[in-house]
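Results of the structural survey
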Amino acid sequence: MQKLQTGKRPLSFYVLSAFFGLFVLFLYGPMSAIYILSFQGPSGGLTFPMRGWSLHWFDALFSQQRTGDFAGAFTRSMILAAMVLLLTVAVSVVAGLAFRRRFVGAAFVFYLAVASLIMPGLLVGLGVGLTFQTLGIQTRWFASALGAQLTWTLPFGMLIMFAVFSRFNRAYEEAARDLGATNWQIFLWVVLPILFPGMIAVALFGFTLSYDEFPRTLLTSGATNTLPMEIWGMTTNVTSPALYALGTVTTLVSFIAITLALGSIAIIQWRRSRRPPGITTHSTKEQE
Amino acid sequence: MNPEDRRTAQRGSIELAGVTKRFGETAAVRNIDLKIPGGCYCCLLGPSGCGKTTILRMIAGHESPTEGAVLIDGENVVDKPPVERGTAMMFQSYALFPHLSCMDNVAFNLKMRGMGKDERRARALEMLDRVRMKSFADRLPAQLSGGQQQRIALARSLITNPRVLLLDEPLSALDEFLRLQMRGELRHIQAEFGITFIHVTHTQMEAVALADMVVVMDQGQIEQAASARDVYDRPRTGYVAHFMGGQNVLAGVVTGRQTGTVTVASGTKNITITAPAPAPALGTQFEVAVRRDRVHLSRAPSQAADPGVNAVSGRVSGIEYQGTWLKISVEDACSEGFVANVPDDKFFADPLKIGDPVIARWDAEQLHYLVARSGKRSAASAAASGSSTVAAAG
């Protein structure tokens, strides 16, 4: 009797593999179709077959008359995402510093902030929109929509920053103080650089969450659209592959943002941990 | 300030006067008085939680005393930040800044003081050279071994030109081989720079090997502050004797006084010992220490035999070969375990076996009278020091 049969796998392996295969197909299949169809020839339609290959529909994207104000919406979304990114990073770092002090009511403030994660986004947007209306202030993408998006990105940023701070060794700050650094110098030259990879992670979240935010922005962006709303509008009235070209471009932007963020974190971590060849951990090389 | 405190010739003398530190309800350090002369290598020694690190941090300025004063060169520094005290601290895990090269780590203090890049880098290189790490200037801390990291940490502290260097368990992160090597290097650097070193450790032999002055602590108080030899050879209390190891502590209540001797009830045995002058009163707690290597073992005719003055009787319960000597444990000799260190040639001339009845005898001049305390604490500490006695006796 063989105890372990090599090469033969149980039935469950094949069932689960098939399930995973379906999942991958479901996740990437439709998206791949969109990416491929965005390269339709000028006479092509919204469905397969491909009638030649071209960049015609990418070109069409940027001509406002045909497809709506794509360029404007894209610019607004990028500026808004950048503002959200900066504010989320700044507030998360400061909140992380504050929450290390275990101040009175810290738990209450924490739950108050995190609660906005579970509130329906549409209602948050509706509330912000109503408030602006009541106060007689016009809703704008760079004001009311910015605020509405921050209710979504800040709790994420804070949670990440808390995790980063929980691993932060206070001995670094004490060592810096011991070496004559003022509180501000400690923050600038020791705390910030050590936190930097964590801040990039927060920035990535802030950017991507803002860039494709829809429910909170819908009722707060005022007279002009952000990109997700522009896409939403196009799905109802644009009947050309320009819609797909838009999908391809936005995916590319997200992809570049993620690559930049993860890449820079990886480079920093690698720089801090790499051991050049010839260095051994062992003690025998200690002399000289 | 008391002008007497300024007598010490070298800079970096430290005085703690009535220092107490409470964290909430618990007192980590209780009413401590301690004087450390300038230029001294001082070890604060004790088990974890004894308050030694708290004292170090109070001298460094990372903790302020609840009561009392910390004086450096006669000046109270309690309200001063670390940098104005002339102290520098080396942290347990070194706390080297992971994002800065060795050179920039060492130059950190100079940068904070606003020194220009070229000058501070030149000074940092000079200091790196003194700790023989110049060729590692561009490395990041994570690229160094433990011993190399320690040298960088030393250089980073020393560049502040401190009067006092405070070291928190500096050797605990290193493996055994490196620990011995870096131990020698610390002593060497202390001599070279001629400043006061205060070194916190829980390892007896580290303290004895390094220090001019050993401060043995327990439960927030100082048990003994003296030279390494005195602390090892002439422990003040049973606790110090137990903690340093290498000693047998005989403790009990005085039940009889004869001419020149006293009888002490210890465990099930009555032990007769040469009495100090003046002799202790009947009924008082009496404690005495005898070094393990100053005990002579001989076979007893029977277990019931009266061992006589300055001797105990018992059975051999353990034999450990240590190379040049053997550690012989004797049970049923007194209230605590009794150990004799016997030279190998003497032992093998007539080897004892486990269970053999023996008499352990010592000369009157080998007796060391201890300051007796309530027996409870000595007993508790006996267990803690048991494991370290072999190393301590060597």
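Computed from a predicted model, the values in this text were never measured in an experiment. (Residues numbered from 1 in each chain as written. Chains lettered and ligands numbered in written order. Predicted model: local features only at pLDDT ≥ 70, side-chain atom pairs only at ≥ 80, totals over all residues.)

1. Details of the overall build of chain A
Helix and strand counts for chain A come out as 12 helices and zero strands. Seen in sequence order, chain A has helices and strands lined up from the N terminus as α-α-α-α-α-α-α-α-α-α-α-α. The C-alpha atoms of chain A give a radius of gyration of 25 Å, which is well past the 19 Å a tight globule of 288 residues would have. Summarising its shape, the C-alpha atoms of chain A cover approximately 80 × 75 × 40 Å along the three principal directions. Taken over 288 residues, chain A has a buried fraction of 31%. Put simply, 76% of the contacts in chain A that link residues at least 6 apart link residues at least 24 apart. (Helix = DSSP H or I, 4+ residues; strand = E, 2+ residues; numbered from the N terminus. Rg over C-alpha atoms; globule rule 2.2 N^0.38 Å. Buried ≥ 20, exposed ≤ 12 C-beta atoms within 10 Å, placed from the backbone. Contact = placed C-beta atoms within 7 Å.)

2. Considering the sheet that holds strand E19 (residues 357-361) of chain B
Adjacent strands of a sheet pair through backbone hydrogen bonds, lying either parallel or antiparallel. Residues and elements named next belong to chain B. The five strands are arranged E15-E19-E16-E17-E18 in an open sheet whose pairing can be described as antiparallel. One side of each edge strand has no neighbouring strand; the edge strands of this open sheet are strand E15 (296-299) and strand E18 (338-343). Averaged over neighbouring strand pairs, the angle between their axes works out to 45 degrees when direction is ignored. With six bridges joining them, strand E17 (residues 325-331) and E18 adopt antiparallel strand pairing. Bridging from a neighbouring strand, Ile328 pairs with Ala340 of E18. (Pairing = 2+ DSSP bridges. Axes fitted to C-alpha atoms, helices over the stretch in contact; angles between N-to-C directions.)

3. Focus on the packing of helix H6 (residues 146-158) of chain B against helix H7 (residues 176-193) of chain B
Residues and elements named next belong to chain B. Put simply, H6 and H7 touch, their axes get as near as 11 Å, and they point 20 degrees apart. One element, H6, and the other, H7, form an angle in the roughly parallel class. Once H6 is placed against H7, the crossing between them reads as right-handed. Facing H6, whose interface residues are Gly146, Gly147, Gln150, Leu154 and Leu158, H7 presents Leu178, Gln181, Met182, Ile189 and Phe193. (Parallel < 35°, antiparallel > 145°, perpendicular 65-115°, else oblique. Left-handed = near helix turned anticlockwise from the far one by under 90°.)

4. Some words on the sheet that holds strand E5 (residues 75-76) of chain B
All names here are of chain B. Spatially, four strands are ordered E2-E1-E4-E5 in an open sheet, and the strand pairing comes out antiparallel. Edge strands, defined here as strands with exactly one partner in the open sheet, are strand E2 (26-36) and E5. Here strand E1 (residues 14-23) pairs with E2 via seven bridges, running antiparallel. Within E2, the position partnered with Glu15 by the bridge is Lys35.

5. Points about the nonpolar core
Within the largest apolar cluster, 153 residues are counted, with the highest numbers of intra-cluster contacts made by B:Leu166, B:Val214 and B:Val215. The greatest single-element share of this core, amounting to 13 residues, is contributed by helix H9 (residues 183-211) of chain A. Not counting residues up to four positions away in its chain, the partners in contact with B:Val214 are B:Cys43, B:Leu45, B:Ala207, B:Val208, B:Ala226, B:Ala228 and B:Val231. Listed in part, the 14 residues of the second largest apolar core include A:Leu61, A:Ala73, A:Ile231 and A:Met234. (Core = buried A, V, L, I, M, F, W, Y, C linked by C-beta atoms within 7 Å.)

6. Here we look at helix H6 (residues 121-134) of chain A
All names here are of chain A. Its 14 residues place the ends of H6 20 Å apart at the C-alpha level, agreeing with the 20 Å of an ideal helix rising 1.5 Å per residue. Among all positions in H6, only Val124, Gly125, Val128, Gly129 and Phe132 are buried. Viewed along the axis of H6, the buried residues span an arc of 130 degrees, placing them on a single side of the element. Projecting away from the buried face of H6 at angles above 90 degrees are the exposed residues Leu123 and Thr134. Along its buried surface, H6 packs onto helix H7 (144-166) and helix H10 (215-218). In the stretch just after H6, Gly136 is the one whose phi turns positive, near 75 degrees. (Expected span 1.5 Å × (residues − 1). Arc of directions from axis to C-beta.)

7. A word on the environment of B:Leu282
Residues and elements named next belong to chain B. Mapped onto the elements of the fold, Leu282 is located in the loop between strand E13 (269-274) and strand E14 (285-291). In the structure, Leu282 is positioned 27 residues away from Thr255 in sequence and 5.7 Å away in space, judged by C-alpha atoms. Excluding residues that lie within four positions of it along the chain, Leu282 makes contacts with Val254 and Arg257.

8. A closer look at the domain arrangement of chain B
How big an interface is tends to be reported as the loss of accessible area on association of its parts. Residue and element names in this part refer to chain B. As far as domains go, chain B holds domain 1 (3-230) and domain 2 (234-393). Relative placement of domain 1 and domain 2: their C-alpha centres are 38 Å apart. Counting residues at the interface gives eight residues for domain 1 and 13 residues for domain 2. At the level of elements, helix H8 (204-210), strand E9 (213-218) and strand E10 (221-226) are the ones that each hand at least two residues to the side of domain 1 that touches domain 2. Of the residues belonging to the side of domain 1 that touches domain 2, the class tally is three nonpolar, two polar and three charged. (Domains from an automatic or database assignment. Nonpolar A, V, L, I, M, F, W, Y, C, P; charged D, E, K, R; others polar.)

9. Description of unusual backbone geometry
Residue and element names in this part refer to chain B. Residue Ala277 is joined to Pro278 through a cis peptide bond whose omega torsion reads -5 degrees. Mapped onto the elements, Pro278 comes out in the loop between E13 and E14. You will see that Arg132, though not glycine, has its phi angle at about 60 degrees, which is positive. With respect to the helices, strands and loops of the structure, Arg132 is situated in the loop between helix H5 (117-130) and H6. Of note in this structure, Asn310 is not a glycine but carries a positive phi near 55 degrees. By the secondary structure assignment, Asn310 is in the loop between E15 and strand E16 (311-321).

10. Description of the interface of chain B and chain A
Taken together, the contacts link 27 residues of chain B with 23 residues of chain A. Every element with two or more residues in the side of chain B that touches chain A is listed here: helix H2 (82-85), strand E6 (87-90), helix H4 (108-112), H6 and H7 of chain B. Each residue belonging to the side of chain B that touches chain A can be placed in one class, and the counts come to 15 nonpolar, nine polar and three charged.

11. Regarding the domain arrangement of chain A
Residue and element names in this part refer to chain A. For chain A, the assigned domains read domain 1 (33-64 + 238-271) and domain 2 (69-237). The straight-line distance from the C-alpha centre of domain 1 to that of domain 2 is 27 Å. Counting residues at the interface gives 15 residues for domain 1, matched by 17 residues for domain 2. When residues of the side of domain 1 that touches domain 2 are assigned to their parent elements, the largest contribution, 11 residues, is made by helix H12 (residues 242-273). Split by residue class, the side of domain 1 that touches domain 2 holds 10 nonpolar, five polar and no charged.

12. Thoughts on the pairing of strand E12 (residues 261-266) of chain B
Residues and elements named next belong to chain B. Pairing of strand E11 (residues 247-258) with E12, which is carried by five bridges, proceeds in the antiparallel orientation. Each bridged residue has a counterpart across the sheet, and for Gly256 the counterpart in E12 is Thr263. Counting the residues between successive antiparallel strands, the hairpin from E11 to E12 contains two residues, one of them, Gly260, with a positive phi of roughly 80 degrees. Where E12 and E13 come together, six bridges link them in antiparallel fashion. The partner of Ser266 across the bridge, within E13, is Lys269.

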